[in-house]
Amino acid sequence: MASNGREIVFAGTDGGAVTTLDDYVARGGFKQLKKARKLAPQEVTEQVTQADLRGRGGAAFPTGRKWSFLPSKEQVPKPHYLVVNADESEPGSFKDREIMERVPFRFLEGCLIAAHAIEATHVYVYIRGEYDRPFEVLRDALEQMHAENGLLGGVTIVLHRGAGAYICGEETALLESLEGERGQPRTKPPFPAIAGLYASPTAVNNVESIATVVPILELGAAEYAEIGVENSTGTRVFSLSGTVVNGGNYELESGTTLRHLIYELGGGIPNGRQLKAICPGGLSAPLLSGDQVDTGLDIPSLTAAGSAIGSAGVIVLDDRCCIVEYALRASRFYEHESCGKCTPCRVGTRWLSQLLQALEDGRGTHADLDLLLDVCDRVNGKCLCPLGDSDALVVASCFEKFGDEFRAHVEQGGCPFPDSPLDDVLAPVVMHERHRMHRELEVVA
Amino acid sequence: MKALQDEIRELVPLYADRRSAVLPALHLAQHAHGGWLPEAALEEVAEALDVTPAYCLSIASFYDMLNLEPVGRTVVEVCTNISCAINGAQQVLEAFEEELGVRAGETSEDGEVTLGTIECAGGCGWATVIAVNHRQRVGVQPDDVRAIVEELRGGE
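## Observations concerning the overall build of chain B
Move 1: Each helix and strand in chain B was counted, giving seven helices and five strands.
Move 2: Helices (α) and strands (β) of chain B occur, in sequence order from the N terminus, as α-α-α-α-β-α-α-β-β-β-β-α.
Move 3: Across its three principal directions, the C-alpha atoms of chain B cover 50 × 35 × 25 Å.
Move 4: When contacts within chain B are restricted to residue pairs at least 6 apart in sequence, long-range pairs at least 24 apart make up 56% of them.

## Let's talk about the domain arrangement of chain A
Residue and element names in this part refer to chain A.
Move 1: Domains assigned within chain A are domain 1 (21-226), domain 2 (230-318) and domain 3 (324-436).
Move 2: Those elements that provide at least two residues to the side of domain 1 that touches domain 2 are helix 5 (95-102), helix 10 (207-219) and helix 11 (221-226).
Move 3: For the side of domain 1 that touches domain 2, the element with the highest residue contribution is helix 5, accounting for three residues.
Move 4: Here the residues of the side of domain 1 that touches domain 2 are counted per class, giving eight nonpolar, five polar and seven charged.

## A few points about the sheet that holds strand 3 (residues 156-161) of chain A
Residue and element names in this part refer to chain A.
Move 1: Within the open sheet, the four strands sit side by side as 3-2-1-4. Their pairing is parallel. Of all the strands in the sheet, the pair left with one neighbour each is strand 3 and strand 4 (202-206). Along the sheet, successive strands turn relative to each other by an average axial angle of 20°, direction set aside.
Move 2: Seen against the sheet, helix 6 (residues 104-117) touches strand 1 (80-86), strand 2 (120-127), strand 3 and strand 4 and runs at an angle of roughly 150° to strand 1.

## Re the interface of chain B and chain A
Move 1: Contacts between the two partners involve 45 residues from chain B, matched on the other side by 52 residues from chain A.
Move 2: Breaking the side of chain B that touches chain A down by element, the ones donating at least two residues are helix 2 (22-32), helix 4 (53-60), helix 5 (82-86), helix 6 (89-100), strand 3 (113-118) and strand 5 (135-137) of chain B.
Move 3: Looking at side-chain class alone, the side of chain B that touches chain A contains 24 nonpolar, 16 polar and five charged residues.

## Focus: the domain arrangement of chain B
Move 1: On domain assignment, one finds that chain B holds domain 1 (2-60) and domain 2 (74-154).
Move 2: The C-alpha centroid of domain 2 of chain B is placed 29 Å from the C-alpha centroid of domain 1 of chain B.

## Let's talk about the environment of Glu98 of chain B
Move 1: Position of Glu98 of chain B relative to the elements: it lies in helix 6.
Move 2: In the structure, Glu98 of chain B is positioned 48 residues away from Arg146 of chain B in sequence and 9.3 Å away in space, judged by C-alpha atoms.

## Quick notes on the nonpolar core
Move 1: Within the largest apolar cluster, 189 residues are counted, with the highest numbers of intra-cluster contacts made by Leu82, Val83 and Cys111 of chain A together with Ala25, Leu26 and Val45 of chain B.
Move 2: In this structure Val83 of chain A touches Tyr124, Tyr126, Leu174, Leu175, Leu178, Leu197, Thr202 and Val204 of chain A, once residues within four positions along its chain are discounted.

## So, the packing of helix 15 (residues 343-361) of chain A against helix 17 (residues 386-411) of chain A
If you want to describe how two helices pack, look at the angle between their axes and the distance between the axes.
Residues and elements named next belong to chain A.
Move 1: Running from amino to carboxyl end, helix 15 crosses helix 17 at an angle of 15°, the nearest separation of the two axes being 12 Å. When the interaxial angle is binned, helix 15 and helix 17 end up roughly parallel. Relative to helix 17, helix 15 is oriented so that their crossing is left-handed. Residues Pro344, Cys345, Gly348, Thr349, Leu352, Leu359 and Glu360 of helix 15 pack against Leu387, Gly388, Asp391, Ala392, Val395, Phe406, His409 and Val410 of helix 17.
Move 2: Its residues assigned to classes, the contact of helix 15 with helix 17 comprises nine nonpolar, four polar and two charged.

## Examining the packing of helix 16 (residues 366-379) of chain A against helix 17 of chain A
Residues and elements named next belong to chain A.
Move 1: The geometry of helix 16 relative to helix 17 is characterised by a closest axis approach of 9 Å and an angle of 165° between their N-to-C directions. Between helix 16 and helix 17, the interaxial angle falls into the category roughly antiparallel. The hand of the helix 16/helix 17 crossing is left-handed. For the pair helix 16 and helix 17, the contacting residues are His366, Leu369, Leu372, Leu373, Cys376 and Val379 in the first and Gly388, Asp389, Asp391, Ala392, Val395, Ala396, Phe399, Phe406, Arg407 and Val410 in the second.

## Points about the environment of Ile118 of chain A
Residues and elements named next belong to chain A.
Move 1: In this fold, Ile118 is placed in the loop between helix 6 and strand 2.
Move 2: For Ile118, a count of 23 C-beta atoms within 10 Å puts it in the buried group.
Move 3: As for Ile118 and Pro428, which are separated by 310 residues in sequence, their C-alpha atoms are 40 Å apart.
Move 4: Ignoring anything within four residues of it in the chain, the contact list for Ile118 reads Pro41, Trp67, Leu70, His80, Leu82 and Ala203.

## Considerations on the pairing of strand 1 of chain A
All names here are of chain A.
Move 1: In terms of burial, strand 1 is largely enclosed, as seven of its seven residues are buried.
Move 2: A two-sided burial pattern is seen for strand 1, the buried positions comprising His80, Leu82, Val84 and Ala86 on one face and Tyr81, Val83 and Asn85 on the other.
Move 3: Sheet topology note: the strand 1/strand 2 ladder contains seven bridges and is parallel. Bridging across to strand 2, His80 finds its partner in Ala120.
Move 4: Sheet topology note: the strand 1/strand 4 ladder contains five bridges and is parallel.

## A look at the environment of Phe406 of chain A
Residues and elements named next belong to chain A.
Move 1: Take Phe406: it is sitting in helix 17.
Move 2: The buried category is assigned to Phe406, around which 23 C-beta atoms lie within 10 Å.
Move 3: Distance in space between the C-alpha atoms of Phe406 and Gly364 is 9.4 Å, their sequence separation being 42 residues.
Move 4: Residues within four places of Phe406 in sequence aside, it is in contact with Val324, Leu359, Leu369 and Phe399.

## Regarding helix 10 of chain A
All names here are of chain A.
Move 1: For helix 10, spanning 13 residues, the distance from its first C-alpha to its last is 19 Å, which sits close to the expected 18 Å at 1.5 Å a residue.
Move 2: The element helix 10 is largely enclosed, with a buried count of eleven among its 13 residues.
Move 3: Listed as buried for helix 10 are Val207, Glu208, Ser209, Ile210, Ala211, Thr212, Val213, Val214, Pro215, Ile216 and Leu217.
Move 4: Gly220, located one to two residues past helix 10, shows a positive phi value of around 95°.

Parameters and conventions
Residues numbered from 1 in each chain as written. Chains lettered and ligands numbered in written order. Predicted model: local features only at pLDDT ≥ 70, side-chain atom pairs only at ≥ 80, totals over all residues. Helix = DSSP H or I, 4+ residues; strand = E, 2+ residues; numbered from the N terminus. Contact = placed C-beta atoms within 7 Å. Domains from an automatic or database assignment. Nonpolar A, V, L, I, M, F, W, Y, C, P; charged D, E, K, R; others polar. Pairing = 2+ DSSP bridges. Axes fitted to C-alpha atoms, helices over the stretch in contact; angles between N-to-C directions. Core = buried A, V, L, I, M, F, W, Y, C linked by C-beta atoms within 7 Å. Buried ≥ 20, exposed ≤ 12 C-beta atoms within 10 Å, placed from the backbone. Parallel < 35°, antiparallel > 145°, perpendicular 65-115°, else oblique. Left-handed = near helix turned anticlockwise from the far one by under 90°. Expected span 1.5 Å × (residues − 1).

Here is the structure:
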């Protein structure tokens with residue numbers, strides 16, 4: 001999808017894709033890699049730090065700082081690894097797939113530059129198993145690069161496919177999965193920079209972060225840092241979905257308002273409906289109410305608004321949507337994807353789903369509302385990784401912004417939004433239970 | 001299944017530890033065994049990588065895309081996460097249930113088709129996203145379902 005903003009990640013694509021090596025080189029491709037290889041690794045890291053690149057996967061950690069945490073080869077004589085997190089599974093987020101499909105060589109050039117910066121000879125791209133097309137595009141691009149002498153510079157890039165587990169987007173779960181284990185998060189410390197893949201120093205970076213390294217070297221750190229806003233430099237690829245006319249990806253300068261994205265670029269809310277709520281950063285970002293539509297899409301503004309930029313997936317909800325149903329569908333997702341390792345998440349996500357379902361079914365009481373918030377409190381901050389926390393934060397933010405709706409479910413004995421499109425949606429976790437019930441009935445018969 | 005095991009062993013040098021090859025190997029084995037992993041498949045992977053079949057089972061049981069029960073020749077999956085649901089994923093799913101004559105989570109009696117739901121498929125802006133034999137299609141509306149099912153039947 002074409003973007004109307006300033007294009008840095010998608011620069012030179014004219015709305016299309018650059019999938020042949022010749023084409024990419026003709027547009028100046030791999031010049032930055034040559035430049036980077038003439039610099040000392042620390043100098044490359046320094047430029048990324050000066051550009052103030054923040055991780056695009058969700059946590060917004062400064063990329064240059066992350067790289068600087070890796071010990072030197074003299075300090076720790078082990079191989080260094082670059083692991084790219086292409087396990088994009090956050091509901092509402094679908095930017096990395098388009099980056100891999102449309103600018104595969106910019107992404108792969110970024111991999112090689114990053115590998116140089118952290119002195120790695122092996123790069124593992126962990127790509128979610130459902131992404132058929134992005135995988136094929138990257139595989140074809142890599143084949144073309146193999147045929148070009150010296151381009152890879154002794155670096156091996158391996159495409160490693162996941163197999164359907166949201167939790168593998170968490171960096172230590174991803175490393176476990178990549179080592180051939182069940183994808184369950186590790187305790188930290190040690191952090192991956194010290195003991196990551198195969199207990200060796202490892203940098204784990206998101207696809208968009210890596211692709212952005214190329215234009216940072218091209219523009220120079222100072223010029224790149226001028227784009228966007230302070231503490232949230234550059235552009236972001238925003239994924240727009242939900243009740244909006246033109247869903248899709250839009251690369252925009254950080255700081256652009258939600259209003260501009262939703263109404264100017266996204267064409268507004270269809271069928272004359274009103275805006276009710278916005279999830280600004282992928283499902284795990286706390287919900288904003290519709291009157292916060294003038295908030296800037298950047299790290300400081302969204303944090304101040306009580307949410308987060310996360311993975312920049314913007315989900316728009318119109319006035320038909322029931323917020324209890326939104327919280328319920330979200331909670332069922334986390335329940336399904338919980339890896340089961342730690343109790344607050346494994347049990348808490350299920351409790352939240354059951355309490356929200358009771359509200360929907362008209363079985364909820366005012367005491368259940370207290371219990372709901374109590375469960376959120378008992379989950380948040382008590383898990384090994386952010387999965388359980390996310391469920392608690394999303395549910396709590398829904399209650400904070402739309403508490404009246406929760407109370408109305410109790411007082412009216414059920415859902416006051418008969419036209420909500422989120423009504424009675426069959427989530428995988430519900431399907432499993434329905435299937436089990438069906439089987440038991442068969443046995444009885 | 002010599003060919004499968006040779007293919008699996010080729011994966012090993014890509015990693016510092018052969019266990020890293022288990023997940024890609026299970027993908028290959030599932031493909032070679034008609035879309036699921038019977039015990040024989042787990043044993044083949046185990047033998048090729050010098051791990052136990054139980055180890056392979058513990059990995060396979062963790063991941064949604066690896067099936068431990070038989071599936072139909074055609075597998076249709078509908079994303080019902082929030083952005084797709086808001087745009088009518090439930091109606092798309094029900095249209096498939098009607099056209100295919102199976103309920104979500106089930107395989108047709110003739111073993112031809114399995115229908116299921118999946119969590120976010122990563123195409124939220126182009127709802128509804130479905131996957132047919134793990135090939136994604138986007139922008140599917142309930143009205144499109146009849147033609148899709150006819151196409152699947154025609155392709156047999």
